[in-house]
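A look at the structure
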Amino acid sequence: MIIETERLIIRPTTLEDAEAAYQVNQDPEVSRYTCDGGVKTREEIYAILKNTTLADYKKYGYGRMSVIYKPENCYIGFCGLKYLPDLDTVDIGYRFAQRYWGQGIATEAARPFIRFGFETLGLKEIIGLVVPENTASSSVLKKLGFRLVDLFEYDEETVEKYIIFPENG
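Now for a look at the structure at hand. These figures come from a predicted structure and were not determined experimentally.

Looking now at helix α1 (residues 18-25). Spacing of three or four residues puts side chains on the same side of an α-helix, whose turn is 3.6 residues. Listed in full, the buried residues belonging to α1 are A18, A21, Y22, V24 and N25. Taken end-on, α1 shows its buried residues confined to a sector of 160°, consistent with a single buried face. Turning to α1, the residues buried within the fold contact α2 (42-60), β4 (74-84) and β5 (89-96).

Spelled out as structure tokens, the structure:
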């Protein structure tokens with residue numbers, strides 16, 4: 001599956017994206033609210049792509065995907081759905097290089113995944129998990145039609161849980 005929007009090409013991630021993904025994650029502001037501590041080494045990002053992203057494609061048929069910014073033809077981050085077995089639900093997630101923040105790119109990239117989740121996968125809900133201090137990410141979810149429903153501990157972090165249903169997507 002390849003998704004094209006006005007400014008973006010969103011395509012399955014490959015191991016060739018490892019270096020670009022590593023570079024995006026080296027900015028401490030990018031990993032500030034990610035609950036995973038950020039990526040420390042090239043080997044770590046390679047392992048994440050191989051053992052999580054690509055494994056999700058095989059196991060579930062979907063996962064986070066690479067986002068290419070068309071005007072510069074470069075990798076700027078990822079966006080997509082991810083099944084969270086511990087919560088038995090699907091999460092929307094995104095992470096972009098800081099220089100692309102505040103331009104509506106997260107909203108533009110996430111919108112087709114919401115449609116895909118409801119129309120193709122037949123999901124009954126999609127969630128978004130956000131560290132409360134990450135007001136920019138909360139704002140993206142609200143623009144997409146998500147609403148805040150809970151605050152709880154997840155992966156040793158306090159997170160806000162946002163949710164959207166097909167009738168709101």
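Let's pick the thread back up.
Where helix α4 (residues 135-144) is concerned, the buried positions are S137, S138, V140, L141 and L144. Each buried residue of α4 lies within a common arc of 155° when the element is viewed along its axis, so the set occupies one face. In α4, the exposed positions that point more than 90 degrees away from the buried face belong to T135, A136, K142 and K143. Buried residues along α4 sit against β5, α3 (105-120), β6 (126-130) and β8 (157-164). Among the residues trailing α4, G145 stands out with phi positive, at a value near 105°.

Glancing now at unusual backbone geometry. Of note in this structure, N73 is not a glycine but carries a positive phi near 50°. Within the fold, N73 resides in the loop between β3 (64-69) and β4. Judged by its relative accessible area of 63%, N73 is exposed. Phi at D155 is positive, roughly 50°, even though this residue is not glycine. On the secondary structure map, D155 appears in the loop between β7 (147-154) and β8.

Attention now goes to the pairing of β5. With 8 of its 8 residues buried, β5 lies for the most part within the structure. Here β5 shows no split at all, with T89, D91, G93 and R95 on one side and V90, I92, Y94 and F96 on the other all buried. In the sheet, β4 pairs with β5 via 8 bridges, with the strands oriented antiparallel. From the neighbouring strand, F78 faces β5, where its bridge partner is R95.

Conventions used here
Residues numbered from 1 in each chain as written. Predicted model: local features only at pLDDT ≥ 70, side-chain atom pairs only at ≥ 80, totals over all residues. Heavy atoms only, no water. Buried < 20%, exposed > 50% of the residue type's maximum accessible area, 1.4 Å probe, protein only. Helix = DSSP H or I, 4+ residues; strand = E, 2+ residues; numbered from the N terminus. Arc of directions from axis to C-beta. Contact = heavy atoms within 4.5 Å. Pairing = 2+ DSSP bridges.

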